[in-house]
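Take a look at the letters that make up each chain.
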Amino acid sequence: MAIERTFSILKPDTVEKNKIGEALAILESSGLRPVAMRMMHLTRKQAEGFYYVHRERKFFGELVDFMTRGPIVAMVLEGEGAIAKYREVMGATDPAKAAEGTVRKKLGANIGENAIHGSDAPETAKFEIGYFFPGYELG
Ligand code: ATP
Ligand code: MG
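Residues numbered from 1 in each chain as written. Chains lettered and ligands numbered in written order. Predicted model: local features only at pLDDT ≥ 70, side-chain atom pairs only at ≥ 80, totals over all residues. Heavy atoms only, no water.

Student: How would you summarise the site of ligand 1 if you had to cite specific residues and measurements?
Tutor: The local shell around ligand 1 holds 14 residues, among which Tyr51, Thr93, Gly112, Asn114 and His117 are the closest. A distance of 3.1 Å separates an oxygen atom of ligand 1 from a polar atom in the side chain of Arg87. Burial of ligand 1 by the surrounding chains reaches 83%, relative to a free accessible area of 570 Å². Secondary-structure elements contributing two or more residues to the shell around ligand 1 are helix H4 (60-67) and strand E4 (116-118). Looking at the shell around ligand 1, its residues break down into 4 nonpolar, 6 polar and 4 charged. (Near = heavy atom within 4 Å. Polar contact = N/O pair within 3.5 Å; in protein donor to acceptor, adjacent residues only side chain to side chain. Areas by Shrake-Rupley, 256 points an atom, 1.4 Å probe, with all protein chains shown as cover. Helix = DSSP H or I, 4+ residues; strand = E, 2+ residues; numbered from the N terminus. Nonpolar A, V, L, I, M, F, W, Y, C, P; charged D, E, K, R; others polar.)

Student: Can you tell me about unusual backbone geometry, naming the residues and giving the values?
Tutor: Of note, the phi angle at Asn18 is positive, near 55°, even though the residue is not glycine. Among the secondary structure elements, Asn18 is positioned in the loop between helix H1 (12-16) and helix H2 (20-29). A positive phi angle is found at Ala115, which is not glycine, with a value near 75°.

Student: Any chance you could break down the sheet that holds strand E1 (residues 3-10) for me, citing the residues and the numbers?
Tutor: Spatial strand order, E2-E3-E1-E4: 4 strands in an open sheet with antiparallel pairing. Either end of the sheet is taken by a strand with one partner, and the two such strands are strand E2 (33-40) and E4. In this sheet, neighbouring strand axes are inclined to one another by 20° on average, regardless of whether the strands run parallel or antiparallel. Direction of pairing for E1 relative to strand E3 (residues 72-80): antiparallel, over a ladder of 8 bridges. Its bridge partner being in E3, Arg5 is matched across the sheet by Glu78. The sheet contacts of helix H5 (residues 82-90) involve E1, E3 and E4, and relative to E1 the element is tilted by about 35°. (Pairing = 2+ DSSP bridges. Axes fitted to C-alpha atoms, helices over the stretch in contact; angles between N-to-C directions. Contact = heavy atoms within 4.5 Å.)

By themselves, these figures tell us nothing about what the structure is for.
Structural data, given as structure tokens:
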């Protein structure tokens, strides 16, 4: 399998709960390696642009409120088959449906406040990495 890069955000709830280390430990032990990392407080404009695909969804305003309420950790993760591997280790969008051992099962509160973000496909990984770390896209 090819070495890939994917994009990750530890969302404001994870930072608020002092769980950055715990989230990173799960990711690192699954074989994903951070190759770029930035802590930042998103503006509404940045959050809206990042989640642009969801702009018509009824939860969009709530999602932007949540993502801008405190600092986040944005990262590029690298590894074999990193995009699919990371989706697996994140767990289902709704933490109540997430598998044991996943970040969302361990740290997520509900479908909105679900601890972590990850790219869902190669094209989205490329867009999302470029949004925060231009030049770090692979392929
Ligand atoms: P993400 O893109 O953050 O990695 P995901 O790909 O699992 O999550 P998406 O369908 O892309 O899920 O939704 C993006 C984010 O919007 C979710 O992670 C969650 O924070 C929020 N969200 C999704 N569905 C709902 C909902 N029904 N109610 C409230 N918030 C939601
Ligand atoms: Mg998504």
